[in-house]
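Structural overview
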Amino acid sequence: MAGTNPTPTEYIQHHLQNLTFGLHPDNGWSIAHSAQEASDMGFWAVHLDTLGWSVGLGLIFLWLFKKAANTATTGVPGALQNFVELMVEFVDNSVKDTFHGKSKLIAPLALTIFCWVFLMNLMDLVPVDFLPMLAAKIGAMFGADPAHVYFKVVPTTDVNATLGMALSVFGLIIFYTIRTKGFSGFIGELTLHPFNSPNKLVQALFIPVNFLLEFVTLLAKPISLALRLFGNLYAGELIFILIAMIGLWQLPLHFTWAVFHILVITLQAFIFMMLTIVYMSMAVEKH
Amino acid sequence: MNLNLTLVGQAIAFAFFVWFCMKFIWPPVMQALQERQKKIADGLDAASRAARDLEVAEKEADETLRKSKQEAAEILEQAQKQANQKLEQAREDARLEGERMIAKAKSEIEQEVARAKEDLRAQVSRLAVLGAERILESSIDEKQHAAIVDKLAKEL
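Residues numbered from 1 in each chain as written. Chains lettered and ligands numbered in written order. Predicted model: local features only at pLDDT ≥ 70, side-chain atom pairs only at ≥ 80, totals over all residues. Heavy atoms only, no water.

**Details of the sheet that holds strand E1 (residues 20–24) of chain A**
Residue and element names in this part refer to chain A. Inclusion rule: Here, strands pair whenever DSSP counts at least two bridges between them. By the criteria applied, helices consist of DSSP H or I runs no shorter than four residues and strands consist of E runs no shorter than two, each listed in order from the N terminus. Structural elements are reduced to axes, namely lines fitted to C-alpha atoms, with helices fitted over the stretch in contact, and the angle between N-to-C directions of any two is expressed from 0 to 180 degrees. In this analysis, two residues are considered to be in contact whenever any of their non-hydrogen atoms come within 4.5 Å of each other.
Here we have three strands laid out as an open sheet, ordered E2-E1-E3, and antiparallel in their pairing. Edge positions in the sheet fall to strand E2 (28–31) and strand E3 (45–47), since each of these pairs with one other strand and no more. Neighbouring strand axes in the sheet, compared pairwise and without regard to direction, differ in orientation by 15 degrees on average. As paired elements, E1 and E2 share four bridges and run antiparallel to each other. For Gly22, the partnering residue across the bridge sits in E2 and is Ser30. Each of E1, E2 and E3 touches helix H3 (residues 48–70); the most contacted strand, E3, lies at about 50 degrees to it.

**Considering the state of the cysteines**
Rules: Note on terminology: disulfide denotes any pair of cysteine sulfur atoms within 2.5 Å.
Across all of its chains, the model carries zero disulfides over all chains by this definition. Here Cys21 of chain B is not cross-linked by a disulfide; its sulfur's nearest cysteine counterpart is in Cys115 of chain A, at 7.6 Å.

**Some details on the interface of chain A and chain B**
Short version of the rule: Note on terms: buried area is the combined drop in 1.4 Å-probe accessible area of two parts once they are placed together, counting the loss on both. Take a side-chain nitrogen of Lys or Arg and a carboxyl oxygen of Asp or Glu: if they are within 4 Å of each other, that pair is a salt bridge. We call two N or O atoms a polar contact when they sit within 3.5 Å, provided that within protein one can donate a hydrogen and the other can accept it, with sequence-adjacent residues counted only if both atoms are side-chain atoms. Here the nonpolar group is Ala, Val, Leu, Ile, Met, Phe, Trp, Tyr, Cys and Pro; Asp, Glu, Lys and Arg are the charged ones; every other residue, Gly included, is treated as polar.
Facing 52 residues of chain A, the contacting portion of chain B comprises 30 residues. Both faces considered, chain A and chain B share a buried interface measuring about 3600 Å² in area, 76% of it formed by carbon and sulfur atoms. When the area that chain A buries against chain B is broken down by residue, the three leading residues are Leu62, Thr74 and Asn160 of chain A, summing to 17%. One can count one salt bridge joining chain A with chain B. A salt bridge links Glu85 of chain A to Arg36 of chain B; its shortest N-O distance comes to 2.9 Å. Put simply, chain A and chain B have seven residue pairs in polar contact (both at pLDDT 80 or more) between them. Counting only elements with at least two residues in the side of chain A that touches chain B, the list comes to helix H2 (35–40), E3, H3, helix H4 (79–98), helix H5 (106–122) and helix H7 (159–191) of chain A. Grouping the constituent residues of the side of chain A that touches chain B by class yields 32 nonpolar, 14 polar and six charged.

**Observations concerning the UniProt feature "coiled-coil region" (unreviewed entry) in chain B**
Condition: UniProt positions are given in the numbering used here, feature names are shortened, and annotations may be inferred rather than shown by experiment.
Sequence positions flagged by UniProt for "coiled-coil region" (unreviewed entry) are, in local numbering, residues 47–126 of chain B. Span residues 47–126 of chain B is 100% helix and 0% strand, its end C-alpha atoms 115 Å apart.

**What about H4 of chain A?**
As a reminder, the rule being used: To estimate the expected span of a helix, count its residues, drop one, and scale the result by 1.5 Å. When a residue's accessible area, from a 1.4 Å probe over protein chains only, is under 20% of the maximum for its type it is buried; when over 50% it is exposed; and in between it is partly exposed.
Here H4 of chain A spans 29 Å end to end across 20 residues, near enough to the 28 Å set by a 1.5 Å rise per residue. Along H4 of chain A, the positions that sit buried rather than exposed are Gln81, Val84, Glu85, Met87, Val88, Val91, Asp92, Ser94, Val95 and Thr98 of chain A. Contacts from the buried residues of H4 of chain A go to H3, H5 and helix H9 (250–284) of chain A together with helix H1 (6–136) of chain B.

Structure below.
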């Protein structure tokens, strides 16, 4: 913890605040020194910690897998190649089980999602004070008030990160739907289901109802995708923070929760991947 | 929990990662996997083929062994037969030769006996003449009496 002894509320809020850089109405482009300043920045701000960690972890993923891909041999594989092949086969099988269309994008997309989300979630297992304290020390070196250096390590506890990915997937869903069924097919899917009737007049009456139902279903996809991951990790992180506040007894508790959290981390990465595949196959398959 | 530009940044990063993965990671790994799969399949194929070949070769070897054993037995039998024949022949030859030799020896003995008889007869006749000469005290004409003695000798 940085600076003077904060109250539990302050401690938690400090931990849940991102390192924000943005356009403040009064200070111009700057790093936010408080939660208030960060929220004053509105949309024109970026969370440096979220972006930094997620991009860094993504690059680690790409670097590792690229290394394995470069040295991929048909002979006896090394440890890294073995691991990479295991992941690739696992993802490939998951995709083949669910997605029956032909697409060069789906499998790499699923692999990227799984590995990236997993790595981002994995940051949750780093004890909650380590990296923020380090950041506070570094911030202090550059003359910042350590109490106001915010640093949130787990990118998936930031709804921006999960929503960013979910909206990308959403875009792909719409793109693929239109590509396979045409624009009229896409509109038809939104308006002609689930209620339809051979009678034209009745059908016309059904269209608004159908649209309401289907549009909500469509929108629910990215939102549920984003909020599921965010909610799980945010809650997990919050419990880690609460455990970190109780003194010496945090050690066994932290260990127990971390062990349990390993499951959540993997599971959420898998669910995000699996749902993406399912949504994409729904987009491509004809009814 | 402010929605802000981070969302866009994350989406861009995501797009880049997916693109990179699709372009540079997925194809080589998949290719390596498929090639290895093919290699293993080929290897298994070759192994089963080799096993089949081995079986055939073993059968062939068995067949050859059996044939050569049979041939050897035949040759051995023939050789024995031949040897028996030769032995029989030799035995027959020996018997004939023996008989011939016995016959020859018999005739020689007979000749010998005849000669000895002749000699004895001659000597007896001379002895008789000599005896007679002694008896008659050389009064007898040898030539005249020789015929008588010969006649006598022949009667012996």
